[in-house]
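Structural features, examined
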Amino acid sequence: MSTNETGASQQAADELEVALADLARDTTRRPLLVALDFDGTLAPLVDDPDQSRMLAPATAALARLATRSDVRLALVSGRSVADLHRQAQAPEGTLLVGSHGGERGRVGEFGLEREPIRLEPEQADLLTRIGAGLTTVARGRDGVWVQHKPAAAVLHTRMAAAADADLATAQALALAGSLGVDALHGKDVVEVAVLRATKGMALQALRAELGSVVVLYAGDDTTDERAFAALTDADVTIKIGPGETLARLRSADPQAFCEQLARWADALAP
Ligand SMILES: O=P(O)(O)OC[C@H]1O[C@H](O[C@H]2O[C@H](CO)[C@@H](O)[C@H](O)[C@H]2O)[C@H](O)[C@@H](O)[C@@H]1O
C-alpha cells in the first residue's frame, strides 16, 4: 500500500469511528435497525461457501446487540435463508433476509422460523432453464461451478483461471439476457434469479414494519449498493473493502469492520 493509500485508509477508519461513536451516544436515533450483509462483511470470502464462518468479533457484537430492546438485528444476504441460518449461527431474535430480499425468516427459540418460497409453475420452469443453462456454461471449465438456490442459480468462478472466469461470466450474463431476466454480477459470481427482489426493497420493508428511526447497513458487494441506494443521509452506510460505492463510510476489510462493530456494540448507551 502506498503512503497515500495508508493515509486514506486511516482517515476512513477514523470517520467510521466518529460516526459510530455519535450513533452510540445519541439515544434519539432509536429504534435502530442494524442490518448486515454476511459474506465479505461478517465472514471473509472463501472458495467454498459452505466453509464460511462468522468472525469472532462479529459473533460477540451480534450477541450483544440481540439483547437490546432499542435495536433490531437483521442479516441481509444473497444466500437462501436456510443457508444463512446454518452458516451465520446468529442469536435468537435475529431477522434473516435471504435470496437478496426474496426470502424472510427469523432465528426462533427452537431454530429457523420461515415461510418457504413458493414459485409459480412458470417461475419453477424458468429456474430449471437457468440452472441447466449455467450448468452448460460451467461444463469443462476447471473451478467454475453452479450453486442452486430456492429462487436462483449462481455461477461461481472464484477458483477458475482468469480467462475461463471472464468467458464463463460473459456467457452467464448473455444467458440471463436471452431468458429475459436480470442477472446480479457480484464478487466472482453471476446470480440469475426468478424473483425480482433487491436488498434495498427488503430494507425499506423492514424499516417500515419495525418503525426504525435509523438504519445501519454494512456490505461489501455490488448487490449491497441497492441497499445503500435505498437509505438516506440520516442512516449509517458502510462499504467493506475497496471499490466504488454509494455508502458514506468505509471499513478496510471484514476483520477491521467486525472489530469496530464489537467495540461499538459494547459502547452503546445503556
Ligand atoms: O449477500 P451476501 O451475504 O454477501 O451473499 C452473496 C453471495 O455470497 C456467497 O458467495 C460469496 O461468498 C462465497 C464464500 O465466501 C465466495 O466463494 C463467493 O465468491 C462470493 O461471491 C454465496 O455463495 C452466494 O450464493 C451469495 O449470493
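We now turn to the structure provided with this report.

Criteria and cut-off values
Residues numbered from 1 in each chain as written. Predicted model: local features only at pLDDT ≥ 70, side-chain atom pairs only at ≥ 80, totals over all residues. Helix = DSSP H or I, 4+ residues; strand = E, 2+ residues; numbered from the N terminus. Rg over C-alpha atoms; globule rule 2.2 N^0.38 Å. Buried ≥ 20, exposed ≤ 12 C-beta atoms within 10 Å, placed from the backbone. Contact = placed C-beta atoms within 7 Å. Near = placed C-beta within 6 Å. Nonpolar A, V, L, I, M, F, W, Y, C, P; charged D, E, K, R; others polar. Domains from an automatic or database assignment. Pairing = 2+ DSSP bridges. Axes fitted to C-alpha atoms, helices over the stretch in contact; angles between N-to-C directions.

1. Points about the overall build of the protein
- Per the secondary structure count, the protein includes 8 helices and 12 strands.
- In terms of C-alpha radius of gyration, the protein reaches 19 Å, essentially the compact-globule figure of 18 Å for 270 residues.
- In terms of overall dimensions, the protein has a C-alpha envelope of 55 × 50 × 30 Å along the principal axes.
- With 270 residues in all, the protein has 44% of them scored as buried.
- Looking at the protein alone, contacts between residues at least 24 apart form 56% of all its contacts between residues at least 6 apart.

2. Notes on the site of the ligand
- Close to the ligand lie 23 residues; Phe38, Asp39, Pro49, Ser77 and Gly78 are nearest.
- Those elements giving two or more residues to the shell around the ligand turn out to be strand E7 (152-156) and strand E9 (189-193).
- Taken together, the residues of the shell around the ligand sort by class into 6 nonpolar, 8 polar and 9 charged.
- Mapping the shell around the ligand onto the domain boundaries places at least three of its residues in each of domain 1 (3-117 + 197-267) and domain 2 (130-193).

3. Observations concerning the sheet that holds strand E4 (residues 103-108)
- The sheet built from 8 strands is open, its strands ordered E5-E4-E3-E2-E1-E10-E11-E12 with mixed pairing. Single-partner strands in this sheet number two, and they are strand E5 (111-114) and strand E12 (249-251). Within this sheet the neighbouring strands show an average axis-to-axis angle of 25°, counted without direction.
- Inspection of the sheet shows strand E1 (residues 32-36) paired to strand E2 (residues 71-76) by 5 bridges, in the parallel sense. Residue pairing in the sheet places Leu32 in a bridge with Val71 of E2.

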